[in-house]
Amino acid sequence: MFETTQDFFENAVSRRLVSPIMPDILRSMAGLDDLLPFGTAIHEFHKLAPRERNYICCVLLERDQDVEAWQAEWNRLEQEAFE
(Lines give C-alpha, C1' and ligand atoms only; values in the text may rest on other atoms or scores of the structure.)
Protein backbone atom coordinates (compact mmCIF):
# COMPACT_ATOMS: atom_id res chain seq x y z
CA MET A 1 0.00 0.00 0.00
CA PHE A 2 1.16 3.57 -0.75
CA GLU A 3 3.78 2.47 -3.30
CA THR A 4 3.44 5.67 -5.32
CA THR A 5 3.75 7.77 -2.19
CA GLN A 6 6.89 5.90 -1.16
CA ASP A 7 8.39 6.28 -4.65
CA PHE A 8 7.53 9.98 -4.72
CA PHE A 9 9.06 10.55 -1.31
CA GLU A 10 12.23 8.65 -2.24
CA ASN A 11 12.54 10.63 -5.47
CA ALA A 12 12.00 13.89 -3.60
CA VAL A 13 14.63 13.11 -0.97
CA SER A 14 17.07 11.94 -3.67
CA ARG A 15 16.31 15.06 -5.74
CA ARG A 16 15.26 12.99 -8.74
CA LEU A 17 12.00 14.82 -9.38
CA VAL A 18 11.85 16.87 -12.57
CA SER A 19 10.75 20.01 -10.73
CA PRO A 20 12.09 20.78 -7.26
CA ILE A 21 8.81 22.46 -6.27
CA MET A 22 6.80 19.22 -6.62
CA PRO A 23 7.18 18.16 -2.95
CA ASP A 24 6.03 21.62 -1.79
CA ILE A 25 3.02 21.44 -4.10
CA LEU A 26 2.11 17.99 -2.79
CA ARG A 27 2.54 18.99 0.86
CA SER A 28 0.33 22.04 0.36
CA MET A 29 -2.38 20.17 -1.57
CA ALA A 30 -2.36 17.33 0.99
CA GLY A 31 -2.70 19.81 3.85
CA LEU A 32 0.60 18.84 5.46
CA ASP A 33 1.89 22.38 5.80
CA ASP A 34 1.28 25.90 4.60
CA LEU A 35 4.78 26.90 3.52
CA LEU A 36 3.37 27.22 0.00
CA PRO A 37 -0.07 28.87 0.02
CA PHE A 38 -2.73 26.66 -1.55
CA GLY A 39 -3.47 29.09 -4.39
CA THR A 40 0.21 29.28 -5.24
CA ALA A 41 0.43 25.49 -5.12
CA ILE A 42 -2.43 25.19 -7.60
CA HIS A 43 -0.82 27.79 -9.87
CA GLU A 44 2.54 25.98 -9.76
CA PHE A 45 0.79 22.63 -10.25
CA HIS A 46 -0.71 23.84 -13.54
CA LYS A 47 2.72 24.97 -14.75
CA LEU A 48 4.05 21.40 -14.45
CA ALA A 49 4.17 18.99 -17.37
CA PRO A 50 1.28 16.49 -17.55
CA ARG A 51 3.50 13.63 -16.35
CA GLU A 52 4.50 15.53 -13.20
CA ARG A 53 0.90 16.59 -12.50
CA ASN A 54 -0.18 12.97 -12.90
CA TYR A 55 2.50 11.83 -10.43
CA ILE A 56 1.20 14.24 -7.79
CA CYS A 57 -2.41 13.22 -8.51
CA CYS A 58 -1.53 9.55 -8.05
CA VAL A 59 -0.08 10.30 -4.63
CA LEU A 60 -3.16 12.32 -3.71
CA LEU A 61 -5.40 9.47 -4.86
CA GLU A 62 -3.51 7.12 -2.55
CA ARG A 63 -4.02 9.63 0.24
CA ASP A 64 -7.76 9.77 -0.40
CA GLN A 65 -8.04 5.99 -0.01
CA ASP A 66 -7.20 6.24 3.71
CA VAL A 67 -6.14 9.69 4.88
CA GLU A 68 -5.05 8.67 8.38
CA ALA A 69 -2.98 5.69 7.21
CA TRP A 70 -1.42 7.80 4.47
CA GLN A 71 -0.54 10.54 6.96
CA ALA A 72 1.06 7.95 9.25
CA GLU A 73 3.06 6.55 6.32
CA TRP A 74 4.21 10.04 5.26
CA ASN A 75 5.27 10.81 8.83
CA ARG A 76 7.15 7.51 9.00
CA LEU A 77 8.95 8.28 5.74
CA GLU A 78 9.92 11.74 6.99
CA GLN A 79 11.12 10.37 10.31
CA GLU A 80 13.29 7.71 8.63
CA ALA A 81 14.68 10.13 6.06
CA PHE A 82 15.57 12.94 8.43
CA GLU A 83 16.89 11.09 11.50
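A brief look at the structure comes next.

Definitions and limits used
Every residue gets a number counted from 1 within its own chain, in the order that chain's sequence is written. Restriction of local features to residues with pLDDT of at least 70 applies here, the model being predicted, together with a cutoff of 80 or more for giving and counting side-chain atom pairs; totals for whole chains, interfaces and linings are based on all residues. Based on all heavy atoms of the structure, the side-chain values leave hydrogens and waters out of the count. Among the buried residues, those of types Ala, Val, Leu, Ile, Met, Phe, Trp, Tyr and Cys that are joined through side-chain atoms within 4.5 Å form a nonpolar core. A 1.4 Å probe rolled over the protein chains alone gives each residue an accessible area, and that area as a share of the maximum for its type sets the label: buried under 20%, exposed over 50%, partly exposed in between. Here a helix means four or more residues in a row that DSSP labels H or I, a strand means two or more in a row labelled E, and each is numbered from the N terminus. Two residues form a contact once any of their heavy atoms are found within 4.5 Å. The term salt bridge refers to a side-chain nitrogen of Lys or Arg lying within 4 Å of a carboxyl oxygen of Asp or Glu. Multiplying 1.5 Å by the helix residue count minus one yields the expected span of that helix. Within this analysis, the arc is defined by the directions that extend from the helix axis to the C-beta atoms.

General note: in soluble globular proteins, nonpolar side chains tend to be found buried as a group. Ranked by internal contacts, the top residues of the largest apolar core, which has 19 residues, are Phe-8, Leu-26, Ile-56, Trp-70 and Trp-74. The set of elements that each furnish at least two residues to this core consists of α1 (3-13), α2 (22-29), α3 (38-47), α4 (50-65) and α5 (67-81). With residues up to four places along the chain from it excluded, the contact list for Leu-26 reads Phe-8, Ile-56, Val-59, Leu-60 and Trp-74.

What is expected of a backbone is that most residues other than glycine have negative phi and most peptide bonds are trans. One non-glycine residue, Phe-2, lies in the positive phi region at around 65 degrees. Under the relative-accessibility criterion, Phe-2 is labelled buried at 7%. For Arg-15, which is not glycine, the phi dihedral falls at a positive 60 degrees. Considering the arrangement of structural elements, one finds Arg-15 in the loop between α1 and α2.

This next bit is on the pattern of salt bridges. Going through the model one piece at a time under the given rule, you end up with seven salt bridges. With its nearest N and O atoms 3.2 Å apart, the salt bridge here joins Glu-44 to Lys-47. In this pair, Glu-44 and Lys-47 are both assigned in helix α3, three residues apart and thus about one turn of the helix distant. The exposure class assigned to Lys-47 is exposed, which follows from its relative accessible area of 54%. Asp-64 serves as the salt-bridge partner of Arg-63, at 3.3 Å between the closest nitrogen and oxygen. Residues joined in a network through salt bridges with shared partners are Arg-27, Asp-33 and Glu-78.

Further remarks concern α5. Between its first and last C-alpha, α5 extends 21 Å over 15 residues, near the 21 Å set by a 1.5 Å rise per residue. Of all the positions in α5, only Trp-70, Glu-73, Trp-74 and Leu-77 are classed as buried. Viewed along the axis of α5, the buried residues span an arc of 100 degrees, placing them on a single side of the element. With respect to the buried face of α5, the exposed residues turned more than 90 degrees away are Glu-68 and Gln-79. Looking at the buried residues of α5, the elements they touch are α1, α2 and α4.

The analysis is restricted to geometry; functional conclusions fall outside its scope.
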